[in-house]
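Fold and geometry: a report
Chain residues, written in single-letter form:
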Amino acid sequence: MKKHRKPYETGIILLALGLSLLMSSCLGTRDTGESSKTRKMDTIQAQEIQREVCVNHGDDKISLYRLEVWNYSYDEGVKRFISGDGPRLHNVLSEIAGELPVVVWDDTCSVGIPEDMELVSVDVFGGDYQKIDSLDQVDDLQQLPSGTYYIGIEVKRQGDYIEAADEYEGSGLQYAFCMEKRAPVS
């Protein structure tokens, strides 16, 4: 029996292909004279890790679930910009909630956003997957009362300047995790 894809799955696949091509042209390695493919892959992976939003928990960095929500890139072949959209957390939360990393949030936690990204929004969802708040900044997560939340941090990244079009490429990402905030012990 043939499995039918949900409409957002097809969009995710197309967006992932486009972003993969874009990222493969953006990421590179410095030539150190070593010909080891392993060394180059390690360098690429290190660059990717440094470019992602994460939760800092003490000395640990926790990787978050990533949704590619939009992409705007220049296609040399057709000499114009192309765009693609993917789902945002509110569209798929009930389906992916079990895949999100769980962070037991305390005073040592913070969100790390790379310098080349700009914060767009911080959305807070309750256990019923309904949006309950939108925060102005990630530091406001500390103010949430104890409870379990699903957090979506949307960022945008400006891409390369395309002189022929006098415009910048760009992309939007949403990083998600499950936050368990416990009541302070007295």
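Look above for the structure.
Here goes a summary of the coordinates provided. Fair warning: this is a prediction, and the values are worked out from it, not measured in the lab.

**Points about the pairing of strand E2 (residues 60–63)**
In this structure, strand E1 (residues 54–57) lies alongside E2, joined through four bridges in antiparallel fashion. Following the sheet pairing, Cys54 is matched in E2 by Ser63. Counting the residues between successive antiparallel strands, the hairpin from E1 to E2 contains two residues, one of them, Gly58, with a positive phi of roughly 65°.

**Details of the nonpolar core**
Counting residues in each nonpolar core, the largest one holds 22 residues, and the members touching the most others are Trp105, Leu141, Ile151, Ile153, Phe177 and Met179. Elements supplying a minimum of two residues to this core: strand E5 (102–105), strand E6 (109–112), strand E7 (117–125), strand E9 (147–162) and strand E10 (167–181). Every residue in contact with Met179, bar those within four places of it in the chain, is listed here: Val103, Trp105, Leu141, Leu144, Gly147, Thr148, Tyr149 and Ile151. Residues Leu93, Ile96, Phe125 and Ala176 belong to the second largest nonpolar core, which totals twelve residues.

**Points about the pattern of salt bridges**
Using the criterion set out here, one finds seven salt bridges in the structure. Note that Glu52 and Arg66 form a salt bridge whose closest N and O atoms lie 2.8 Å from each other. With Glu52 in the loop between helix H2 (37–50) and E1 and Arg66 in strand E3 (residues 65–75), this residue pair connects regions lying 14 residues apart in the sequence. Given the relative accessible area of 24%, Glu52 is considered partly exposed. According to the relative accessible area criterion, Arg66 is partly exposed, its value standing at 35%. Close ionic contact of Arg157 with Asp116 constitutes a salt bridge, the shortest N to O distance being 2.9 Å.

**Considerations on the sheet that holds E2**
Across the sheet, three strands lie side by side as E2-E1-E6; this open sheet has antiparallel pairing. Here the strands that pair on one side only, and so sit at the sheet edges, are E2 and E6. Mean inter-strand twist for the sheet, computed between neighbouring axes without regard to direction, equals 30°. The pairing of E1 with E6 spans four bridges and is antiparallel. Counted as the bridge partner of Asn56 is Ser110 from E6.

**Brief notes about the packing of aromatic side chains**
Inspection of the entire model under this criterion finds five aromatic pairs. When the ring of Tyr129 is compared with that of Tyr150, the centres are 5.5 Å apart and the planes differ by 45°; the resulting orientation is tilted. Separated by 21 residues along the polypeptide, Tyr129 in the loop between E7 and strand E8 (131–135) and Tyr150 in strand E9 bring together distant segments of the chain. Pairwise contacts between aromatic rings join Tyr72, Tyr74 and Phe81 into one cluster.

**Observations regarding the side chain of Lys181**
By secondary structure assignment, the location of Lys181 is in strand E10. The charged side chain of Lys181 is buried without a salt bridge, its nearest counter-charge being Asp107 at 6.4 Å. A polar atom in the side chain of Lys181 sits 2.3 Å from the backbone oxygen of Gln142. In this structure, Lys181 is in contact with Trp105, Leu141, Gln142, Gln143, Leu144, Pro145, Ser146 and Gly147, ignoring residues within four places of it in sequence.

**Looking at helix H3 (residues 89–96)**
Residues Leu89, Val92, Leu93 and Ile96 constitute the buried set of H3. In an axial view of H3, the angular spread of the buried residues amounts to 140°, which keeps them on one side of the axis.

**Let's talk about the environment of Val53**
Note that Val53 resides in the loop between H2 and E1. Not counting residues up to four positions away in its chain, the partners in contact with Val53 are Leu64, Val111, Gly112, Ile113, Pro114, Met117, Val155 and Tyr175.

Calculation rules
Residues numbered from 1 in each chain as written. Predicted model: local features only at pLDDT ≥ 70, side-chain atom pairs only at ≥ 80, totals over all residues. Heavy atoms only, no water. Pairing = 2+ DSSP bridges. Helix = DSSP H or I, 4+ residues; strand = E, 2+ residues; numbered from the N terminus. Core = buried A, V, L, I, M, F, W, Y, C linked by side-chain atoms within 4.5 Å. Buried < 20%, exposed > 50% of the residue type's maximum accessible area, 1.4 Å probe, protein only. Contact = heavy atoms within 4.5 Å. Salt bridge = Lys/Arg side-chain N within 4 Å of Asp/Glu carboxyl O. Axes fitted to C-alpha atoms, helices over the stretch in contact; angles between N-to-C directions. Phe/Tyr/Trp six-rings, centres within 6.5 Å; stacked < 30°, edge-to-face > 60°. Lys, Arg positive; Asp, Glu negative; His and termini not counted. Polar contact = N/O pair within 3.5 Å; in protein donor to acceptor, adjacent residues only side chain to side chain. Arc of directions from axis to C-beta.

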